[in-house]
Amino acid sequence: QLQLVESGGGLVQPGGSLRLACAASGFTLDDYAIGWFRQAPGKEREGVSCIIISDGSTSYVDSVKGRFTISKNNAKNTVYLQMNSLKPEVTAVYYCAAGLQRCSRRDYWGQGTQVTVSS
């Protein structure tokens, strides 16, 4: 079974931090790019960040630069998204997706994890 599972979501206060994890099973991430996406109620799903596993290159949407960091642990077949200085407007369901070698490919999706930023 090919599967991506997100974890680490929850409720945090504004200014707080959260680390999301995307763990792959049934396949190795070595040949993939892993992207993080988010979708708020009534809004289109948007890309947040991406990492190409083979060379470690990363990219971010402008709105999260300096606040979010994407990273990988090859031994654990897992990608992380460290989110700092959280604001209420980032509240959404966060998904990870895996695509062969390219951040523009989305061959596998996880089920998502809820992130809520509220006082």
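All of the points below concern the structure found in this document. Keep in mind it's a predicted model, so treat the numbers as computed, not measured.

### With respect to the packing of aromatic side chains
Logical step 1: Across all of its chains, the model carries five aromatic pairs by this definition.
Logical step 2: Both rings, one in Tyr-32 and one in Tyr-108, keep their centres 6.0 Å apart while their planes meet at 55°; by these two values the pair is tilted. Pair noted here: Tyr-32 is in strand β4 (residues 32-39) and Tyr-108 is in strand β10 (residues 108-109), with a separation of 76 residues, a long-range link.
Logical step 3: Residue classification places Tyr-108 among the partly exposed residues on the basis of a relative accessible area of 25%.
Logical step 4: Positioned above the aromatic ring of Tyr-95 is the side chain of Arg-45, whose terminal nitrogen or guanidinium carbon lies 3.8 Å from the ring centre.
Logical step 5: The aromatic ring of Trp-109 is capped on one face by Arg-45, whose charged end is 4.7 Å from the ring centroid.

### Remarks on the sheet that holds strand β3 (residues 18-25)
Within a beta sheet, neighbouring strands are joined by backbone hydrogen bonds and run either parallel or antiparallel to one another.
Logical step 1: If you trace the four strands from one edge of the open sheet to the other, you get β1-β3-β8-β7, paired in antiparallel fashion. The sheet is open, and its two borders are formed by β1 (3-7) and β7 (68-73), each paired with just one other strand. The average angle at which neighbouring strand axes cross in this sheet is 15°, direction not considered.
Logical step 2: Alignment of β3 against strand β8 (residues 78-83), held across six bridges, turns out to be antiparallel. Counterpart to Ala-23 in the pairing with β8 is Thr-78.

### Thoughts on the side chain of Thr-113
Logical step 1: On the secondary structure map, Thr-113 appears in strand β11 (residues 113-117).
Logical step 2: Within the local environment of Thr-113, its side chain forms a polar contact with the backbone nitrogen of Gly-9, the two atoms lying 3.2 Å apart.
Logical step 3: Leaving out residues up to four positions away in the same chain, Thr-113 has contacts with Glu-6, Ser-7, Gly-8, Gly-9, Leu-20, Ala-92, Val-93 and Tyr-94.

The rules behind the values
Residues numbered from 1 in each chain as written. Predicted model: local features only at pLDDT ≥ 70, side-chain atom pairs only at ≥ 80, totals over all residues. Heavy atoms only, no water. Phe/Tyr/Trp six-rings, centres within 6.5 Å; stacked < 30°, edge-to-face > 60°. Helix = DSSP H or I, 4+ residues; strand = E, 2+ residues; numbered from the N terminus. Buried < 20%, exposed > 50% of the residue type's maximum accessible area, 1.4 Å probe, protein only. Lys NZ or Arg CZ within 6 Å of the ring centre and 35° of its normal. Pairing = 2+ DSSP bridges. Axes fitted to C-alpha atoms, helices over the stretch in contact; angles between N-to-C directions. Polar contact = N/O pair within 3.5 Å; in protein donor to acceptor, adjacent residues only side chain to side chain. Contact = heavy atoms within 4.5 Å.

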